[in-house]
Amino acid sequence: MKKILITLLAVSGLALADGHGNHSDTNDVYYSYYSLTANNPSAVVAAMDKFAASDCFEKQKAAVTLVGELFNGKSPRTHTFVVTHNNAKEMNESFAINSSCPEYAEFLTALAGASQPTEEWLAKSLFEGGDWTKDTVFQSFEINVKNEDAYLAAYKEFTEAMTKKGQIPGAYGVERVVAGEGFSHFAFIGASNLEQLMAFNALLTMKNPDFKKFQTKIQKNRKVVRRIIVMPIKAWN
């Protein structure tokens, strides 16, 4: 199984598939997000370690990453599992395998003893760029978008301009929420450390002509719901 490092974000989370280092808006990647409040974080990791060693996990083409949330506002969630599916067919196969897998049931039981679920959602990748392999921290912007095409066009123009100037610190992209509530999309940015991420945030002002142009184009089309910063803890593949 191939390793796909994600975080998001989102909590986003942030997750990229094959072709890291390139721009992509033609992929069919889906991400399942499962957030929780962990009362025993080490037991959460141990539960996933055990499940990852099972035959039914090995049969799947999905990859799993656990991220810890550094800052997420008032949300009670402390961690999020992000599961990457390279396409809808593989996602369907993974759910089918888990539904008849005793090890998966054991994993859910162990997880329930170490945490409480808070929320979950399914997202589809719309556009991705950069090289996620160099990133250890991510910020995501949970947003509600009225016109997806118009927002994506403005986002691509903005990130392309910033990339040409060497001002994008890591991976970046936009995902559409397929199932869930609270926001319709989220955008994310990765960096190799918090210092780089904060340097990028300092550029998100109207003094930056590229951001000003982007903000002017999307201000009536997009509303920010929440900003989050997360760090990957461990990945299984």
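Above this text sits the structure in question.
Just so it is clear, the structure is predicted and the values come from calculations on it, not from any experiment. Throughout, a residue's number is its position along its own chain's written sequence, starting from 1. The predicted nature of this model means local features are confined to residues of pLDDT at least 70 and side-chain atom pairs, given and counted, to a pLDDT of 80 or more, with totals for whole chains, interfaces and linings taken over all residues. Computation of side-chain values: all heavy atoms of the structure, hydrogens and water removed.

Visitor: Where do I start with the environment of Gln 196 in this structure?
Guide: Counting through the fold element by element, Gln 196 comes out in helix H6 (residues 194-201). Separated by 59 residues in sequence, Gln 196 and Val 137 place their C-alpha atoms 9.5 Å apart. Secondary structure follows DSSP: runs of H or I at least 4 residues long count as helices, runs of E at least 2 residues long count as strands, and numbering of each begins at the N terminus.

Visitor: Even after reading the chapter, I still don't get the sheet that holds strand S3 (residues 30-38), so can you show me in this structure?
Guide: Pairing between sheet strands relies on hydrogen bonds along the backbone, with the strands arranged either parallel or antiparallel. In this scheme, strands are said to pair when DSSP sees at least two bridges between them. Spatially, S3-S5-S4-S10-S7-S9-S8-S6 is the arrangement adopted by the eight strands of the closed barrel, whose pairing is antiparallel. Here the average twist between neighbouring strands, direction ignored, is 35 degrees. Where strand S4 (residues 63-71) meets strand S5 (residues 79-85), six bridges bridge the pair, whose relative direction is antiparallel. Within S5, the residue paired with Thr 65 across the bridge is Val 82. Axis lines are fitted through C-alpha atoms, for helices just across the contact stretch, and the angle between N-to-C directions can take any value from 0 to 180 degrees.

Visitor: What is the right way to look at the state of the cysteines in this model?
Guide: Working definition of a disulfide: a covalent bond connecting the sulfur atoms of two cysteines. Count a disulfide wherever a pair of cysteine sulfur atoms falls within 2.5 Å. Considering all chains together, one arrives at one disulfide under this definition. Between the sulfur atoms of Cys 56 and its disulfide mate Cys 101 the distance is 2.1 Å. Taking the sign of the S-S torsion, about -50 degrees here, the bridge from Cys 56 to Cys 101 comes out left-handed. Here Cys 56, found in helix H2 (residues 55-58), pairs with Cys 101, found in the loop between helix H3 (88-99) and helix H4 (102-114); they are 45 residues apart in sequence, far enough to count as distant. A 1.4 Å probe rolled over the protein chains alone gives each residue an accessible area, and that area as a share of the maximum for its type sets the label: buried under 20%, exposed over 50%, partly exposed in between. The exposure class of Cys 56 is buried, given its relative accessible area of 7%.

Visitor: Could you clarify how one ought to interpret the pairing of strand S8 (residues 172-179) in this entry?
Guide: Along any regular strand, the residues point their side chains to alternate faces of the sheet. Both strand S6 (residues 115-129) and S8 contribute to a ladder of seven bridges, which runs antiparallel. Across the sheet, Ser 125 pairs through a bridge with Glu 175, a residue of S8. Relative to strand S9 (residues 185-191), S8 is paired through five bridges, and the arrangement is antiparallel. In the strand pairing of S9, Gly 173 is matched with Phe 188. Between the end of S8 and the start of S9, which pair antiparallel, lie five residues, with Gly 180 showing a positive phi angle near 145 degrees.

Visitor: Can you walk me through helix H5 (residues 148-164) in this structure?
Guide: In a regular helix each residue adds 1.5 Å, so 17 residues correspond to 24 Å; H5 covers 24 Å between its end C-alpha atoms and thus fits that length. Inspection of H5 places Tyr 151, Leu 152, Ala 154, Tyr 155, Phe 158, Thr 159 and Met 162 among the buried residues, and these make up the whole buried set. Projection of H5 onto a plane perpendicular to its axis shows the buried side chains occupying an angular sector of 165 degrees, all on one side. Exposed residues on H5 whose side chains face more than 90 degrees from its buried face are Asp 149 and Lys 164. At the N-terminal boundary of H5, the capping side chain belongs to Asn 147, with an oxygen 3.2 Å from the backbone nitrogen of Asp 149. Phi turns positive, to about 70 degrees, at Gly 166, one or two residues after H5. One less than the number of residues in a helix, times 1.5 Å, gives the span that helix is expected to have. Taking the helix axis as origin, the arc is that swept by the directions to the C-beta atoms. Distance and chemistry together define a polar contact, namely a pair of N or O atoms within 3.5 Å, with one atom able to donate a hydrogen and the other to accept it when in protein, and with adjacent residues in sequence counting only for side-chain atoms on both sides.

Visitor: Would you take a moment to explain the side chain of Thr 159 for this structure?
Guide: Looking at the secondary structure, you find Thr 159 in helix H5. Of note is the side chain of Thr 159, whose polar atom sits 3.2 Å from the backbone oxygen of Lys 156. In this view, Thr 159 contacts Phe 127, Ile 168 and Tyr 172; residues no more than four positions away in its chain are not counted. Note on contacts: a residue pair qualifies if any of its non-hydrogen atoms lie within 4.5 Å across the two residues.

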